[in-house]
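# Coordinates in review
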Number of protein chains: 4
Amino acid sequence: MSSTFGTLLKLSTFGESHGEGVGVILEGVSPGLELHEEDIQKELDRRKPGQSDIATPRKESDTVHILSGVFEGKTTGTPLMMLLYNSDIQSKDYNSIKDYFRPGHADFTYLQKYGFRDWRGSGRASGRETAARVAAGAVAKKILSKKGVRIIAYTYEAGGIACKSIDTTVIEKNPMRAADMDAAAQMLERGLALKKEQNSMGGIITCIIQGVRAGIGEPVFDKLDALLSHAIMSIGAVKGIEFGSGFAASKMTGREHNDAMTAKGFDSNNAGGILGGISTGENIIIRIAVKPVSSIASPQNTLSITGVESVISTEGRHDICICPRIIPVVEAMSALVLGDLYKRHEALFI
Amino acid sequence: MSSTFGTLLKLSTFGESHGEGVGVILEGVSPGLELHEEDIQKELDRRKPGQSDIATPRKESDTVHILSGVFEGKTTGTPLMMLLYNSDIQSKDYNSIKDYFRPGHADFTYLQKYGFRDWRGSGRASGRETAARVAAGAVAKKILSKKGVRIIAYTYEAGGIACKSIDTTVIEKNPMRAADMDAAAQMLERGLALKKEQNSMGGIITCIIQGVRAGIGEPVFDKLDALLSHAIMSIGAVKGIEFGSGFAASKMTGREHNDAMTAKGFDSNNAGGILGGISTGENIIIRIAVKPVSSIASPQNTLSITGVESVISTEGRHDICICPRIIPVVEAMSALVLGDLYKRHEALFI
Amino acid sequence: MSSTFGTLLKLSTFGESHGEGVGVILEGVSPGLELHEEDIQKELDRRKPGQSDIATPRKESDTVHILSGVFEGKTTGTPLMMLLYNSDIQSKDYNSIKDYFRPGHADFTYLQKYGFRDWRGSGRASGRETAARVAAGAVAKKILSKKGVRIIAYTYEAGGIACKSIDTTVIEKNPMRAADMDAAAQMLERGLALKKEQNSMGGIITCIIQGVRAGIGEPVFDKLDALLSHAIMSIGAVKGIEFGSGFAASKMTGREHNDAMTAKGFDSNNAGGILGGISTGENIIIRIAVKPVSSIASPQNTLSITGVESVISTEGRHDICICPRIIPVVEAMSALVLGDLYKRHEALFI
Amino acid sequence: MSSTFGTLLKLSTFGESHGEGVGVILEGVSPGLELHEEDIQKELDRRKPGQSDIATPRKESDTVHILSGVFEGKTTGTPLMMLLYNSDIQSKDYNSIKDYFRPGHADFTYLQKYGFRDWRGSGRASGRETAARVAAGAVAKKILSKKGVRIIAYTYEAGGIACKSIDTTVIEKNPMRAADMDAAAQMLERGLALKKEQNSMGGIITCIIQGVRAGIGEPVFDKLDALLSHAIMSIGAVKGIEFGSGFAASKMTGREHNDAMTAKGFDSNNAGGILGGISTGENIIIRIAVKPVSSIASPQNTLSITGVESVISTEGRHDICICPRIIPVVEAMSALVLGDLYKRHEALFI
């Protein structure tokens, strides 16, 4: 089913952008893990709207509520259910566009698929659905931290401006979640300029996963990079993904690309921490292409749902660059994949 | 499980590179489909070794045998089992390297994972495993052809040389499976030069899927692009994937990237035929980064399995550029994903 | 995962007896099905406590709330989430028994499995969990009714008193849900006598499924009877199940048991509507053994959780015979299995 | 999919009765387990035809061949593929019945389901398919034996004759696999008498699983008894199943049925070793109703596939009582369920 992901650590999400709320059942969490709503909330707060001038002003408190699976402050080993009620629903914002396809959105494809469309803020196709993923990912992160795994994602590039140096300690200190304060300032400036023009911008996110022991990932179909690609490509605005040397590998020779091993370890980590779909013990390096936000206020040509050529302005409350808010989602999906694959690896030896 | 892929059209593969054979069970094929071994064989022949001077001279006939699931020339609706015996096994080629990690290979990670290593030609980690995928994919292609879907993949770039124009009618007419005969000749020349140097080269494959109706793909986790990424990233040498505008989207603004709709359809297909994870009805456009072949005869630094620094030359019989032989695998995996998602889409309305 | 059931029509349940509530995500419901909370509520009302003198006086309104998956009164094709808050929680009832194993309950096994125990009314092991199944089953019933399928279950026997004739129109007219008013009166009398003795009674439920077309059920592992057994045996108090002639078949010869076919159809339906795991088009006949309620107020020998021999009286609010309240659960699980298998059957031909 | 069973220890079977062979892929076996074809063969020899005068004289050597997943005598942790070629195929035996429905067989339902029928000895519906299950079960048994689990099944009753005492040491010493030599002799005598009359007989199998630690089984849907029921009810001729007190529980009161715990353990084991779907540590007790063999040579009324009333004699080579040959299948399916649930239990704590 399309709203379920994972094998041994498995999430099932539900809820719509402008319905009552969104939520998730997470199965496979071991019993006895200390878990409080604050553990989840701090991750949700990183994803929530309204964190900067280039983010949507929609005011969702995104308050998580653990409804089942925790007893006396500890997980029970049975399904963990986490619920977030929607609070700031302004469906009327969408009234003017309910009969038109917003360019770059899933309006057209949902109508084609289901024969109707939940026009209240995209329904299941909304980015709001990712709040449920972040909640589940917060639990996965907690599991992984006990194994020494740490996941760090940052905006490497936005609006064509790339980080010149990488300092992961500054990521949470700028609204772009860039790894370079100077680049962050330029990105923000570019974003504000585009905002004035009723436009938006794309970017590139880098995700680094540290501390994964060698041997994680399954051969053939559920390779570590294949599952991470599945997980991350399932996030709305992502258009491409690469590992280690990525697309640059296509221009290299074997001698350049092969990664000699010495007593000190791998020379280049061109492999991005994964060989044959299984972790090498080196950092896992992922780069993710994010498209510019589709919702822009400037007028665009489109069709009405009855096929009449029209002009649309996507009002409502939208982000200028989605990278900073996608970062916690990328981390969450990575954590869920790794949490699952750690379990699958160890379960093989039972 | 890691050797199973798909939901309603589901394959389970088995077999090792230098064991007795490789094969696949394919479940979910509708009863009454006319199916002969020749339907499968013609796809396998495109993947098999020995097709050119830059391909491995290993002589596998790759003869497929349908062992179950067909009765009187038609599928029965029960599991289709297809088996390919290995014939040209020269495990002794591997004797000299059994105690060393080949750079760029999965030798190190398999040992870390399983605590031992099938050193006879990589076991399950070998590219030979993909023959089973191609066999299953041939059936999926047959199913899709009835729905008007056509999958075409070609080498867009190899050794740094890109196609200048795209003519899909020439793909099967040159050993690079490039879409441009001139570029193909240059790629081949570059490949032969690298062969002399005991080196290898990478490339980029483009895959175009035509005729997919709007509405295919599932929301949230099993988006069409997410599942295609899972499927294609699970092929050994692939390091990156992008859809439509891909990584280039990260540098665009919303106004540039958004794809206006007019009565004639989508303007740009920057989306690559997928919006919100669901097909738009336009061509699906995928670009795939392929790393240079890891097995090269020139000496490289490495470690022995006991951790001693050593020098290794990967002898045996290897390809210089794997793009031409990966193409049928990319097509097979794409066909399996689409066959599955067509079924999942239509099954929702039951 | 243990809280998920089904392939194409799939439910995932969550929640504990004395937590905040119980609920379910149901995936695979086709879009456009008219669905209101009343459709669900009427089934829940049949399962809820307090319907007679031999049922638990716990006062759960069991009010269902559809939280996602319905838009403008119709299903959307995306996950349906239904939630029931717990209202009448008297966890203090359980204080006196929290350090003892109640005979016939899962207290001992949960402690052995998880290393701790949610002593508030059994947590996930409580029969309250079945409310979520009934909610999902109500949707499955609605789907099936469009296919002409009707599921009828009744108490065939309780406290050793069996129905002498079968009149399915009286089932909802007596608190035992028996198919014979006279037998029902005797069962009730027997139940009240046992209640005075602080004792309880078991029974046999018959479930008849009408209108299933021939061809439903999958060969080999997911035979119709195998999946119905899985589904129904997963209901707490069930100790046995049989189809058609059932255990009586073991004493017959082939000539007696074989079911000759004539132009009028099958002669005996000894097969209970299923041959080779696939429906014949005849009524599906299931008989289900239900053990006496384990919670009785009379003192019984047991152990404390530290292994000390003790005497326990299971106070709290309990049923005398659980058959009447299990009936809607049996129907729900049967409906979910059939809804899933109808989809699986038709999906094969896509 | 219907030919796949299990979550962490998972089998996928293929093959037809009168095709080239039958086989199985088993996934999830830990690496490093010593495994030889003889380990499998000894179980297959117990299921194979021709072991007595009341068994079919079909001469299948049932020789197993391990095609993948074993390297240097040990499992690799990747898919184990086991293949059994059919040798004694006499499809012509079936020529006379290809246009008629054999009473008690799946001929009618397969035709209804698939629109055609593999008339060569039932295809996938044949009992021959269970050889693949026994092969996989032999591996599961080997895994379980390391955990101290032992599975013993025997014919408790056949042709109405029940064991008077239970001596499990004699099971393999009589062709009925009964647990009482005297009863076995009478069963055999009754079987030979029925054979003369061109008739057949049913029976009851008891299966006892010893040494399962407390805590195995999952709450809610995948209860130990629910999964065992699924597994065992999926065996062709089985019509009913019960655990512990089973159907007898329906006539008991709570006081009689509840199983007091003392320092010595459980008093009665009425629960059959399972409470709340989780093992108690006591013996697991299962009773299984087996219908009489449907294939009998005496003439019976039936329909032709075009609906004409006819008389049929099921010639070919058939068993008189299938209990002795079903016993290894019951053991195999039980072993596969327990192997899977042990893994699932331990995996929860990862």
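Residues numbered from 1 in each chain as written. Chains lettered and ligands numbered in written order. Predicted model: local features only at pLDDT ≥ 70, side-chain atom pairs only at ≥ 80, totals over all residues. Heavy atoms only, no water.

### A look at the relation of the copies chain B and chain A
- The two copies are related by a screw operation: chain B maps onto chain A through 180 degrees of rotation and 0.0 Å of translation along the axis, at an RMSD of 0.0 Å. With respect to symmetry, the two chain copies, as superposed, fit the operation of a two-fold axis. Using C-alpha coordinates, one finds that chain B approaches the rotation axis most closely at His230(B), a distance of 2.4 Å.
- Interface overlap between copies is the fraction of interface residues in one copy that are interface residues in the other; for chain B against chain A it reaches 100%, indicating a shared surface. (Least-squares fit on C-alpha atoms with pLDDT ≥ 70 in both. Contact = heavy atoms within 4.5 Å.)

### Side note on helix α1 (residues 37–47) of chain B
- Those residues of α1(B) lying buried are Asp39(B), Ile40(B), Gln41(B), Glu43(B), Leu44(B), Arg46(B) and Arg47(B).
- Contacts made by the buried residues of α1(B) are with β4 (64–68), β7 (80–85), α3 (130–145) and α7 (323–348) of chain B. (Buried < 20%, exposed > 50% of the residue type's maximum accessible area, 1.4 Å probe, protein only. Helix = DSSP H or I, 4+ residues; strand = E, 2+ residues; numbered from the N terminus.)

### Re the interface of chain C and chain D
- Facing the 102 residues of chain C at the interface are 102 residues of chain D.
- Interface area for chain C against chain D, summed over the two sides, is near 7,800 Å², with a carbon-plus-sulfur share of 60%.
- The three residues of chain C that bury the most area against chain D are Lys113(C), Phe221(C) and Lys239(C), which together make up 11% of that side's buried surface.
- Among the ionic pairs, Glu157(D) bridges to Lys251(C), the shortest N-O distance being 2.6 Å.
- Applying the counting criterion to the chain C and chain D interface returns 52 residue pairs in polar contact (both at pLDDT 80 or more).
- Looking at the side of chain C that touches chain D residue by residue, the class counts come to 42 nonpolar, 39 polar and 21 charged.
- One ladder, built from three bridges, connects strand β11 (residues 238–243) of chain C with strand β11 (residues 238–243) of chain D; its direction is antiparallel. Bridging across to β11(D), Glu242(C) finds its partner in Gly240(D). (Buried area = accessible area lost by both parts, 1.4 Å probe. Salt bridge = Lys/Arg side-chain N within 4 Å of Asp/Glu carboxyl O. Polar contact = N/O pair within 3.5 Å; in protein donor to acceptor, adjacent residues only side chain to side chain. Nonpolar A, V, L, I, M, F, W, Y, C, P; charged D, E, K, R; others polar. Pairing = 2+ DSSP bridges.)

### Comments concerning the interface of chain B and chain A
- Each partner contributes to the interface: chain B provides 102 residues, whereas chain A provides 102 residues.
- Of the roughly 7,800 Å² buried at the junction of chain B and chain A (both faces included), carbon and sulfur atoms supply 60%.
- Per-residue buried area on chain B facing chain A is highest for Lys113(B), Phe221(B) and Lys239(B); these three make up 11% of the total on that side.
- Inspection of the region where chain B meets chain A yields four salt bridges.
- Here the side of chain B that touches chain A is built from residues that sort into 42 nonpolar, 39 polar and 21 charged.

### What about the sheet that holds strand β7 (residues 80–85) of chain C?
Residue and element names in this part refer to chain C.
- Spatial strand order, β1-β2-β3-β7-β4: five strands in an open sheet with antiparallel pairing. Sheet topology places β1 (4–5) and β4 (64–68) at the edges, where each strand pairs with a single neighbour.
- Bridging between strand β3 (residues 21–27) and β7 involves six bridges; their strand directions are antiparallel. Note on β7: the bridge partner recorded for Gly23 is Leu83.
- With respect to the sheet, helix α1 (residues 37–47) is in contact with β4 and β7, its orientation differing from that of β4 by roughly 140 degrees. (Axes fitted to C-alpha atoms, helices over the stretch in contact; angles between N-to-C directions.)

### Quick look at the environment of Arg102(D)
All names here are of chain D.
- Structurally, Arg102 is set in the loop between β7 (80–85) and α2 (107–114).
- Residue class for Arg102 comes out buried when judged on its relative accessible area of 3%.
- Distance from Arg102 to Gln300, taken between C-alpha atoms, is 8.6 Å for residues 198 residues apart in sequence.
- Separated by 2.8 Å, the side chains of Arg102 and Asp107 make a polar contact.

### Focus on the relation of the copies chain C and chain D
- Between chain C and chain D, the superposition needs a rotation of 180 degrees and an axial shift of 0.0 Å, giving an RMSD of 0.0 Å.
- Most of the interface of chain C is mirrored in chain D: 100% of its interface residues are interface residues there too.

### Remarks on the packing of helix α5 (residues 224–233) of chain B against α7(B)
All names here are of chain B.
- Interhelical geometry of α5 versus α7 gives an angle of 145 degrees and a closest axis separation of 9 Å. Handedness of the α5/α7 crossing: right-handed. Residues Leu224, Leu227, Leu228, Ala231 and Ile232 of α5 touch α7, and the partners they reach there are Val330, Met333, Ser334, Val337, Leu338, Leu341 and Arg344.
- Class assignment for the residues of the contact of α5 with α7 results in ten nonpolar, one polar and one charged. (Left-handed = near helix turned anticlockwise from the far one by under 90°.)

### Details of the sheet that holds β11(C)
- Reading across the sheet, the ten strands line up as β9(C)-β8(C)-β10(C)-β16(C)-β11(C)-β11(D)-β16(D)-β10(D)-β8(D)-β9(D) and stay open at both edges, with antiparallel pairing between neighbours. Single-partner strands in this sheet number two, and they are β9 (161–162) of chain C together with β9 (161–162) of chain D.

### Quick notes on the pairing of strand β10 (residues 203–210) of chain A
Residues and elements named next belong to chain A.
- Most of β10 sits inside the fold, with seven of its eight residues counted as buried.
- For strand β8 (residues 150–158) and β10, the ladder comprises eight bridges, and the chain directions are antiparallel. The partner of Ala158 across the bridge, within β10, is Gly203.
- Inspection of the sheet shows β10 paired to strand β16 (residues 284–290) by seven bridges, in the antiparallel sense. Counted as the bridge partner of Ile208 is Ile285 from β16.

### Some thoughts on the packing of aromatic side chains
- Considering all chains together, one arrives at 22 aromatic pairs over all chains under this definition.
- Taken together, a centroid distance of 5.5 Å and an interplanar angle of 75 degrees make the contact between Phe108(A) and Phe266(B) edge-to-face. Here Phe108(A) is found in helix α2 (residues 107–114), whereas its partner Phe266(B) is found in strand β13 (residues 265–266) on a different chain.
- Look at Phe108(A) and you get buried, because its relative accessible area is 13%. (Phe/Tyr/Trp six-rings, centres within 6.5 Å; stacked < 30°, edge-to-face > 60°.)

### Section: the pairing of strand β4 (residues 64–68) of chain A
Residues and elements named next belong to chain A.
- Of all five residues making up β4, four are buried, and the element is well covered by its neighbours.
- As judged from the four bridges shared by β4 and strand β7 (residues 80–85), these two strands associate in the antiparallel manner. Paired with Ser68 across the strands is Met81, a residue of β7.

### Remarks on the side chain of Glu242(A)
- Tracing the backbone through its elements, the reader meets Glu242(A) in strand β11 (residues 238–243).
- Of the polar contacts made by the side chain of Glu242(A), one reaches the backbone nitrogen of Phe247(A); its length is 2.8 Å.
- A polar contact is formed between the side chain of Glu242(A) and the side chain of Arg287(A), at a distance of 2.7 Å.
- With residues near it in sequence (within four places) discarded, Glu242(A) still touches Phe247(A), Ile285(A), Ile286(A), Arg287(A), Lys239(B), Gly240(B) and Phe247(B).

### Quick look at the confidence of the model for chain A
- In this model, chain A carries a mean pLDDT of 93, and residues with pLDDT of at least 70 account for 96%.
- The ipTM value of the predicted complex is 0.96, and its pTM value is 0.96. (pLDDT = per-residue confidence, 0-100.)

### Some thoughts on the side chain of Ser294(B)
- Considering the arrangement of structural elements, one finds Ser294(B) in the loop between β16 (284–290) and β17 (300–303).
- Sequence-distant contacts of Ser294(B), that is, excluding residues within four places in its chain, are made with Asn258(A), Pro103(B), Gly104(B), His105(B) and Gln300(B).

### Points about α7(B)
- Here α7(B) spans 37 Å end to end across 26 residues, near enough to the 38 Å set by a 1.5 Å rise per residue.
- Burial of α7(B) is extensive: 25 of the 26 residues sit out of reach of the surface. (Expected span 1.5 Å × (residues − 1).)

### Points about the pattern of salt bridges
- Evaluation of the coordinates by the stated rule reveals 72 salt bridges over all chains.
- Residues Lys141(C) and Glu43(C) are paired through a salt bridge, measuring 3.2 Å at the closest nitrogen-oxygen approach. Of this pair, Lys141(C) sits in helix α3 (residues 130–145) while Glu43(C) sits in helix α1, and the two are 98 residues apart along the sequence. Each member of the pair, Lys141(C) together with Glu43(C), is buried.
- With a closest N to O distance of 3.2 Å, Glu218(D) and Lys113(C) form a salt bridge. Here Glu218(D), found in the loop between β10 (203–210) and α5 (224–233), pairs with Lys113(C), found in helix α2 (residues 107–114), and the two come from separate chains.

### Examining the state of the cysteines
- This model, assessed by the stated rule, comprises zero disulfides over all chains.
- Cysteine Cys163(C) shares no disulfide, and the gap to the nearest cysteine sulfur, in Cys323(C), comes to 11 Å.
- You can call Cys163(C) buried: its relative accessible area is 7%.
- No disulfide involves Cys321(D); its nearest neighbouring cysteine sulfur is the one of Cys323(D), lying 3.9 Å away. (Disulfide = S-S within 2.5 Å.)

### Side note on the packing of helix α7 (residues 323–348) of chain A against helix α7 (residues 323–348) of chain D
- At their nearest, the axes of α7(A) and α7(D) sit 10 Å apart, and the two run at 130 degrees to each other. When the axis of α7(A) is compared with that of α7(D), the two are oblique. Considering how the two elements wind past one another, α7(A) and α7(D) form a crossing that is right-handed. Together, Lys343(A), Ala347(A) and Leu348(A) of α7(A) and Lys343(D), Ala347(D) and Leu348(D) of α7(D) make up the contact between the two elements.
- When grouped by side-chain class, the residues that make up the contact of α7(A) with α7(D) number four nonpolar, no polar and two charged. (Parallel < 35°, antiparallel > 145°, perpendicular 65-115°, else oblique.)

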